[in-house]
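Observations on chain architecture
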Amino acid sequence: MTSFPARSNSRVHRIGFLIFLALLAVLLQPFFRWALLDASWSGDAETCRAGAGACWASVRLRLEFLIYGFYPAELRWRPFTGLIIQGLALLAIWALPGIHQRLSRSYCVVLAAFVASFWLLAGDGLLLTDVPSRLWTGFSLTVLLAFGGFVLAFPLGVLLAFGRRFGNDYVVALCGCYIEVMRALPSVVTMFAILVIAPYLLPSVIGENIFLRILLGFVLAMSAFYAEALRGALLTLDKGQIEAAQSLGLRRFSIHCRIILPQVVILSFPALMNINLMVFKDTVLILTYGYYELLGAANASVNTQEWSSFAMEMFLVVYLVFLGAGMLISVVGRRIEESRQRV
Amino acid sequence: MNSFQRQGLVCVLLVAALAICLMLSVEPGFYLSASGLTISSLVLPWDPSWSYLSAFAVAAVNSLAAGLIAMLLATLIGVGIGMLGTLANPTARLVCQLYVGAFRNVPVLFVILLFYFVGILLPSPAKAPDLMGLVFLSNRGLVLPELHLAGTTSLSLAALVLAVGLAMWRLPVPALGRLCASLGCVLLILWLCFDAEAPQQGKFGFRSGFEIPLEFLALTAALSFYYAAEIAEITRGAIGAVGTGIIEAAHALGLHSFDRFRKITAPLALRFGLPSALNTYLVVMKATSLGVAIGYTELFSVARLSMSSSGRIVECLSLMGLYFLLICGTLSLVVNHINARLRTQDGQ
């Protein structure tokens, strides 16, 4: 029952592994037959119903919808370029030691990618025509929201955590109340509340742009989780460091930015990467407001009469996308963490 | 005024400001006015002429039911999978890693929708597959037999079994044997006490039987399997955190492997794992609000329904916020209480 050093019974282990493989083969064989051998790769719903296996044609026909959603067909190069930029940003962080060895540079790369792809999707009315935010949908929206959530919620979370740790009593109480309330309420409820109330309180630039309203709610909800992830590291930080920095004559701002923040981020790096993964996963919550990101687009496309019996193919594709993106996030995070530990 | 008092003052002021804002904007009569909502309730009865407040109460009970069952099932599955991960057998550890890895990178909403669509693809009630003619699984949900109390002969037999079981309790048997025997006894007593009436299959539905709707089934199953992965990680970490020296000492004392687990490892691992497990339970309770995506009648969906039917945003949102703050407060009180008790018991 425990990891007590048992006798080396490797033969038993080998037999167990063989039985496991055999079971796996028996279980996966019908799946492979369904997914590969009997599958129909092209055609329409009629040819799919005639075949016995999976209907990859349904995914192929819906692929553009899954990625771009309702974005105008002639302007789809813009979300495409945005996705490429965001992918390149992650790749650059992973590949270039000059970037992943410096935390601030990694953050700036993500920030630049977010700003660039936001500009590409939104347009500015001068160089690129404006596209209403209702139409930004599909996978490009998922990635944009995840990048935006990280870029904006992380600094806010840092501010909250520092306010809770170093502020005067009033700031401590305010930040504490905010963090605890945001963590007690489900993110889907807070985001909905902000989505509904924002038009009454905010100027029309934000109030009429649905993406910005959703991003606002997302950032306000997620920043509390970032703050909570940083709290443990802030509590364990040695006070002597601050005193040493003060005796060197550093200003308060540079003590926080150059001494405390880098150490705290590295100390709580695994927890922060978990929150990043959570931010990416929580982008799907907006489908409950009828705003289609990747999962919402998949859900909408299987909810039609024609394709309703081919839901599993769509869900398999979405699952693989989430699996791949989650692995990408962990790989990039591990690269940053390893490069910091080597120094 | 010391710093603790000042922080308390800010909190009190915040709460007071919020309360005044709500009092100014909320019309209390709204809660008692007739709602006219048509919602499908699982636990409590519902009538459209009842007030908004009772609609919220019905929905809150639905949320609680889904959350509590999901918590229970997630614990059972998760502890089992997590214990597989601590075995010496590499295959068992691989199974644990595969399970956790399969759920780690996907959102819980995805799993809920997936289970819902799997349920929709099941056959209709007329062609529903069954288990021994008692339990039916169709695209409307799960139908269980109705239970009636059995006749006097069966009841007296059950009492006899109970008496024999209690008499045998003092016999010196190993703990594992005692566990299996008592489980068997309980099952036998339950089987004797109740008569099951098989559900009648009709053309468009079931004429009798206890019906659990598909939405509830998909939500609880998805939450259970998804959060079982988290509980499995917590269990694995907690069992791994028990010092090897303690277990070696138990081994040297001659404790059998099951006794070693039951008397040494499990109590210590419980102390390590309980705070994080309770945190996961809170997440499960919050995640029940995702049932809105598949049309399960929980608090968030009823709040949105009444918001769109009455146009009162602040009233509905504040009531919903109150519910979640209550749940969170209760669970944090439980965490603090348990932590304090465990610490005083063995000075850890």
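The name given to chain A in an unreviewed UniProt entry is General L-amino acid transport system permease protein, with the source organism recorded as Aquamicrobium ahrensii. Quoted verbatim from the Sequence similarities (unreviewed entry) field of UniProt, the annotation for chain A is "Belongs to the binding-protein-dependent transport system permease family. HisMQ subfamily."

Topic: the environment of B:G78
Residues and elements named next belong to chain B. With respect to the helices and strands, G78 occurs in helix α3 (residues 52-84). Linking G78 and Y226, residues 148 residues apart in sequence, is a C-alpha distance of 9.3 Å. Every residue in contact with G78, bar those within four places of it in the chain, is listed here: A228, E230, I231, A232 and T235.

As for the domain arrangement of chain A
Residue and element names in this part refer to chain A. One can read the domain layout of chain A as domain 1 (4-50) and domain 2 (57-342). For domain 1 and domain 2, the distance between their C-alpha centroids amounts to 36 Å. Considering only residue class, the side of domain 1 that touches domain 2 consists of 3 nonpolar, 3 polar and 1 charged.

A look at the packing of helix α7 (residues 139-166) of chain A against helix α11 (residues 210-236) of chain A
Residue and element names in this part refer to chain A. As a packed pair, α7 and α11 sit with axes 6 Å apart at the nearest point and diverge in direction by 50 degrees. It follows from the interaxial angle that α7 and α11 lie oblique. For the pair α7 and α11, the sense of crossing is right-handed.

Thoughts on the UniProt feature "transmembrane region" (unreviewed entry) in chain A
Residue and element names in this part refer to chain A. In the numbering adopted here, UniProt assigns the feature "transmembrane region" (unreviewed entry) to residues 12-32, 77-96, 108-129, 135-163, 170-198, 210-227, 259-280 and 314-333. The span residues 108-129 carries 68% helix and 0% strand; its end-to-end C-alpha distance comes to 27 Å. Along residues 259-280, the helical share is 95% and the strand share 0%, with 29 Å between the first and last C-alpha atoms.

Re the interface of chain A and chain B
Of the residues lining the interface, 41 residues belong to chain A; the matching set on chain B comes to 42 residues. Those elements that provide at least two residues to the side of chain A that touches chain B are α1 (10-37), α8 (169-184), α9 (187-201), α14 (269-282), α15 (294-302) and α16 (311-342) of chain A. No other element matches the 8 residues that α16(A) contributes to the side of chain A that touches chain B. Considering only residue class, the side of chain A that touches chain B consists of 30 nonpolar, 8 polar and 3 charged.

Observations concerning the sheet that holds strand β6 (residues 210-213) of chain B
All names here are of chain B. Reading across from one edge, β1-β2-β3-β6 is the order of the 4 strands in this open sheet, with antiparallel pairing throughout. If you trace the sheet from one side to the other, it starts and ends with β1 (130-131) and β6, each paired once. Pairing between strand β3 (residues 141-144) and β6: 4 bridges, direction antiparallel. Bridging from a neighbouring strand, V143 pairs with E211 of β6.

So, helix α3 (residues 56-68) of chain A
Residues and elements named next belong to chain A. Taking 1.5 Å as the rise per residue, α3 with 13 residues should run 18 Å; its terminal C-alpha atoms sit 19 Å apart, in good agreement. Along α3, the helix axis deviates most sharply at R62, where the bend reaches about 50 degrees. Of the residues one or two after α3, G69 is the one with positive phi, at around 60 degrees.

Focus on the packing of helix α5 (residues 108-120) of chain B against helix α8 (residues 214-241) of chain B
Residue and element names in this part refer to chain B. It is at 8 Å that the axes of α5 and α8 come closest, and there the two elements cross at 135 degrees. The angle between α5 and α8 falls in the class oblique. Here the hand of the crossing between α5 and α8 comes out right-handed. Of the residues in α8, those touching α5 at V108, V111, I112, F115, Y116 and G119 are L214, L217, A218, L219, A221, A222, L223, F225 and Y226. Taken together, the residues of the contact of α5 with α8 break down into 14 nonpolar, 1 polar and no charged.

About the cut-offs
Residues numbered from 1 in each chain as written. Chains lettered and ligands numbered in written order. Predicted model: local features only at pLDDT ≥ 70, side-chain atom pairs only at ≥ 80, totals over all residues. UniProt positions renumbered as here; feature names shortened; annotations may be inferred. Helix = DSSP H or I, 4+ residues; strand = E, 2+ residues; numbered from the N terminus. Contact = placed C-beta atoms within 7 Å. Domains from an automatic or database assignment. Nonpolar A, V, L, I, M, F, W, Y, C, P; charged D, E, K, R; others polar. Axes fitted to C-alpha atoms, helices over the stretch in contact; angles between N-to-C directions. Parallel < 35°, antiparallel > 145°, perpendicular 65-115°, else oblique. Left-handed = near helix turned anticlockwise from the far one by under 90°. Pairing = 2+ DSSP bridges. Expected span 1.5 Å × (residues − 1). Bend = angle between axes of the 7 residues up to and from the residue.

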